[in-house]
Amino acid sequence: MIVKSARSNNIRVFFVGGIVRDNILGYKTSDIDILINGSAIEFAKKLPQEIKVKSIHPDFDTVKLLYKNEIIDIASSRTEHYPFSGCLPVVQKIGVPIEEDVKRRDFTINSIYCELYIINNKLSYKLIDLVEGIKDINSKTLRVLHDKSYIDDPTRILRGVEFAFRFNFDFSQHDKTLIENYLSSPIRTNMSVDRVLSVFSKIFKNKPHKEIFKKVILNKYYKILFDDVQNIDFNLVDNVLDLFSDEEFKTDDFYISLLKNQEFEILQYNSKKELFYNMKNMKKAVLACYYYKTQDKNVLWFVKNKDFKFLITGDDLINLGFKQGKIFSQIFEKLFDAKISNPQSFISKENEIDWVKNNFKS
Ligand code: CTP
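Here's a quick rundown of the structure. (Residues numbered from 1 in each chain as written. Predicted model: local features only at pLDDT ≥ 70, side-chain atom pairs only at ≥ 80, totals over all residues. Heavy atoms only, no water.)

## Thoughts on the overall build of the chain
Part 1: Summing up its helical and strand segments, the chain has 18 helices and 11 strands in all.
Part 2: Considering only C-alpha atoms, the chain reaches an extent of 85 × 55 × 35 Å along its principal axes.
Part 3: When the 362 residues of the chain are sorted by exposure, 46% land in the buried category.
Part 4: When contacts within the chain are restricted to residue pairs at least 6 apart in sequence, those whose partners lie at least 24 apart make up 64%.
Part 5: For the chain, the computed accessible surface area is about 19800 Å², with 48% contributed by carbon and sulfur atoms.
Part 6: Within the chain, the 49 negative side-chain charges are centred at a point lying 3 Å from the centre of the 55 positive side-chain charges. (Helix = DSSP H or I, 4+ residues; strand = E, 2+ residues; numbered from the N terminus. Buried < 20%, exposed > 50% of the residue type's maximum accessible area, 1.4 Å probe, protein only. Contact = heavy atoms within 4.5 Å. Areas by Shrake-Rupley, 256 points an atom, 1.4 Å probe, with all protein chains shown as cover. Lys, Arg positive; Asp, Glu negative; His and termini not counted. Charge placed at Lys NZ, Arg CZ, Asp CG, Glu CD.)

## What about the pairing of strand β5 (residues 70-76)?
Part 1: Bridge analysis of strand β2 (residues 33-36) against β5 gives four bridges, and the strand direction is parallel. Opposite Leu 35, over in β5, you have Ala 75 as the bridge partner.
Part 2: The sheet contact formed by strand β4 (residues 62-67) and β5 spans six bridges and is antiparallel. Across the sheet, residue Leu 65 finds its bridge partner in β5, namely Ile 72. (Pairing = 2+ DSSP bridges.)

## Some points on the site of the ligand
Part 1: Neighbouring residues of the ligand: 15 residues in total, closest Arg 21, Asp 106, Asp 153, Arg 159 and Arg 166.
Part 2: For the ligand, an oxygen atom lies 3.1 Å from a polar atom in the backbone of Asn 110.
Part 3: Contact between the ligand and Arg 166: an oxygen atom at 2.7 Å from a side-chain N or O atom of the residue.
Part 4: Starting from 570 Å² of accessible surface for the ligand in isolation, the protein chains cover 76%.
Part 5: Grouping the amino acids of the shell around the ligand by side-chain chemistry returns one nonpolar, four polar and 10 charged.
Part 6: When we break the shell around the ligand down by domain, the ones giving at least three residues each are domain 1 (2-139) and domain 2 (141-221). (Near = heavy atom within 4 Å. Polar contact = N/O pair within 3.5 Å; in protein donor to acceptor, adjacent residues only side chain to side chain. Nonpolar A, V, L, I, M, F, W, Y, C, P; charged D, E, K, R; others polar. Domains from an automatic or database assignment.)

## Examining the packing of aromatic side chains
Part 1: The full count for this structure, using the stated rule, is 30 aromatic pairs.
Part 2: Considering the side-chain rings of Phe 14 and Tyr 113, the 5.8 Å spacing of their centres and the 85° angle between planes classify their relative orientation as edge-to-face. Here Phe 14 is found in strand β1 (residues 13-16), whereas its partner Tyr 113 is found in strand β8 (residues 112-119), with 99 residues between them in sequence. Both residues of the pair, Phe 14 and Tyr 113, count as buried. (Phe/Tyr/Trp six-rings, centres within 6.5 Å; stacked < 30°, edge-to-face > 60°.)

## What about unusual backbone geometry?
Part 1: In this model, Glu 132 sits at a positive phi of 60°, which is unusual for a non-glycine residue.
Part 2: Mapping Glu 132 onto the fold places it in the loop between β9 (122-129) and α5 (133-138).
Part 3: Phi is positive for Asn 261, which is not a glycine, with a value near 60°.

## Looking at the sheet that holds β8
Part 1: Pairing is mixed in the open sheet, where seven strands are placed in the order β3-β4-β5-β2-β1-β8-β9. Looking at the sheet topology across the chains shown, the edges are occupied by β3 (52-57) and β9. Pairs of neighbouring strands in the sheet enclose a mean axial angle of 30°, with direction left out of account.
Part 2: Set on the sheet, helix α2 (residues 18-25) makes contact with β1, β2, β8 and β9; between it and β1 the angle comes to about 65°. (Axes fitted to C-alpha atoms, helices over the stretch in contact; angles between N-to-C directions.)

## Observations regarding the environment of Lys 323
Part 1: Counting through the fold element by element, Lys 323 comes out in the loop between α16 (314-319) and α17 (326-341).
Part 2: On the basis of relative accessible area, Lys 323 is assigned to the exposed category, the value being 72%.
Part 3: Sequence separation between Lys 323 and Val 13 is 310 residues; the distance between their C-alpha atoms is 73 Å.

## Concerning helix α10 (residues 209-218)
Part 1: Of the residues making up α10, those classed as buried are His 209, Ile 212, Phe 213, Val 216 and Ile 217. Buried residues of α10 fall within an arc of 135° about the axis and therefore sit on the same side.
Part 2: Structurally, α10 contributes buried residues whose contacts are with α7 (155-167), α9 (193-205), α11 (234-244) and α12 (251-259).
Part 3: Once α10 ends, the next one or two residues include Lys 220, with phi positive near 60°. (Arc of directions from axis to C-beta.)

Here it is, written out as structure tokens:
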């Protein structure tokens, strides 16, 4: 329906980027990204009512549509430029021919267009490969379109690392030289730090995150944003990951904390309860990094007991006749110690109430 609508308005419609690359490689893609050679916002106004506009993004002239429970992103063909290395791209012109649009793209493998037509009421397509992307897919090569590409957008280095792992590709020899040259004097003055961090996050979340992190360290890709990182002990990193990995643990935050090179002092506590609640309130990734840096054994104790919970509340103490005040913290402090050292005796709330009755006078 989108293609029909576009064609009847004399607008060309394409798939481009990941969807075409993945299709050629035989992988499934979940995103449907469409490019039109015109303004996506203007085009969205002419669509039939069944297609709902979910959001409009004027900065890049892109639109999110909803059709039959499917999200469809429509982008406008455009030219972009980077006034400074690593900044966000600035849109120059909307609605340009694809021969111009292609110049803003990262790798040849992501620059293959697939034009969509309706012929005899049937959807048909034609691949348009302006940059020998298919050849690079076949030879498993990551190649940028021009020599200034990594300077314009150094996150392309990180995207490339992730693609290399995902598809078992490698940078071309020339790309390796371009990356090496960039990393020898990275330019961070006008860099969009948030954008770079979000790409680091993305690549450190994926399945082979351990290997990706190792590559980022050994090849010094971190230099895009961070100064030299102290020697990383990969065995210790593995240990920490084993210790902390659960649904709550964010691998990306942990690796980024390591790259930030933050120093920690061993934390001192007056009681096990204080230690427990302090560590519980720390972000897991920061605690993991703290452990990596200090190897404070208290962390191991905390991890073992991290599911600790009181079953009684202050209200229960009031019902037992205690007056709110210092006594509350004394009771919880002692109960904490008793429960931690003998958890099997505190299975129910009644066990805790009985313990309070036996150990404190209201
Ligand atoms: N793109 C780019 N430079 C970037 C980010 C994106 O040139 N820094 C272009 C590429 O042509 C890319 C397309 O925008 O194919 C879409 O980007 P994105 O959705 O981020 O990536 P995909 O290539 O679709 O890959 P993925 O499978 O990871 O979504």
